[in-house]
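# Overview (structure and organization)
In case you want the letters, here they are:
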Amino acid sequence: AVRSSVLVEFERLIEGINRSSAMILPATMALLPLLASDIAGGQFLLHVYSSTATYAVVEGQRLRFWRSRDFAGLDLDEFFMQVVAEAGRVVASTEDRLSLTLERIWLCTRPPATDAWAGQLAGVLGREVERLEPAPEAAGLLAGEDRVLFRRYGVTLAGLAANRQ
């Protein structure tokens, strides 16, 4: 939910650039095509960016759960603790209320977090956590420094490019 005054401001900004309105797509939506397509059960994507975390659960091609939380003002340790605690609640709620077993759990952080984050999250959830990253071939013709930057920050763009439907 967004206040209409905020939407009006976005529309004015976009109209000034494109001369027409456009839809603003949450970055996490662009990541969904990167999830494994051959999983029959549920998949959980935790997308951490800036001071925000978005939690998405999909079953096949169907979005079953979505929540975004802003944790602005917290130091890094408290931010991570709050993100992990919320992830635990999402997993429990998904399996209890939706009766959906989560086959895979994905973590995408922008910029990339340390390996310790994925390990700590796995420890709290009691499950393996995989990092969601763009496939190496997604960097296409990029070389050197550009390829490194794409691997660190280009996962959203890779998701948009992977969306063929």
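A brief structural summary. A quick note: this is a predicted structure, and the numbers were derived from the prediction, not measured.

### A word on the packing of aromatic side chains
This structure, assessed with the given rule, holds four aromatic pairs. Look at Phe44 and Tyr55: their rings are 6.3 Å apart centre to centre, the planes differ by 10°, and that puts the pair in the stacked class. Separated by 11 residues along the polypeptide, Phe44 in strand E1 (residues 42–49) and Tyr55 in strand E2 (residues 52–59) bring together distant segments of the chain. Of the two residues examined, Phe44 and Tyr55, each falls in the buried class. For the ring pair Phe79 and Trp117, a centre distance of 6.2 Å and an interplane angle of 45° mean the geometry is tilted. Of this pair, Phe79 sits in helix H3 (residues 76–97) while Trp117 sits in helix H4 (residues 115–125), and the two are 38 residues apart along the sequence. On the basis of relative accessibility, which here comes to 6%, the residue Phe79 falls in the buried class. A connected cluster of aromatic rings, assembled from ring pairs, spans Phe71, Phe79, Phe80 and Trp117.

### With respect to unusual backbone geometry
Not every positive phi belongs to a glycine, and Ser50 is a case in point at roughly 50°. Turning to its location among the elements, Ser50 is positioned in the loop between E1 and E2. Residue Ser50 is classed as exposed on the basis of its relative accessible area of 68%. Here the phi dihedral of Ser99 falls at roughly 50°; this positive angle occurs in a residue that is not glycine. Locating Ser99 in the fold gives a position in the loop between H3 and strand E4 (102–110).

### Focus on the pattern of salt bridges
What the rule picks out here adds up to six salt bridges. The salt bridge involving Glu86 is made with Arg89; its shortest N-O contact spans 2.7 Å. Taken together, the positions of Glu86 and Arg89, both in helix H3 and three residues apart, correspond to about one turn of that helix. We note a salt bridge from Glu130 to Arg104, for which the minimum N-O separation is 2.6 Å. Note that Glu130 is positioned in strand E5 (residues 130–131) and Arg104 in strand E4, a separation of 26 residues in sequence. The class for Arg104 is partly exposed, based on a relative accessible area of 23%. By sharing partners, the salt bridges in this structure join Arg67, Arg69, Glu86 and Arg89 into a single network.

Conventions and cut-offs
Think of each chain on its own: its residues are numbered from 1, step by step along the sequence as written. With pLDDT at 70 or above as the cut-off, local features in this predicted model cover only qualifying residues; side-chain atom pairs require 80 or more to be listed or tallied, and sums for whole chains, interfaces and linings still use all residues. Note that the side-chain values use all heavy atoms of the structure and ignore hydrogens as well as water. Between rings of Phe, Tyr and Trp, where Trp is taken as its six-membered ring, a pair exists when centres lie within 6.5 Å; planes separated by under 30 degrees are stacked, by over 60 edge-to-face, and by other angles tilted. Helix and strand assignments follow DSSP, with helices taken as H or I runs no shorter than four residues and strands as E runs no shorter than two, numbered in order from the N terminus. The rule is simple: take the accessible area with a 1.4 Å probe, protein chains only, and divide by the maximum for that residue type; under 20% is buried, over 50% is exposed, in between is partly exposed. We define a salt bridge as a contact between a side-chain nitrogen of Lys or Arg and a carboxyl oxygen of Asp or Glu at a distance within 4 Å.

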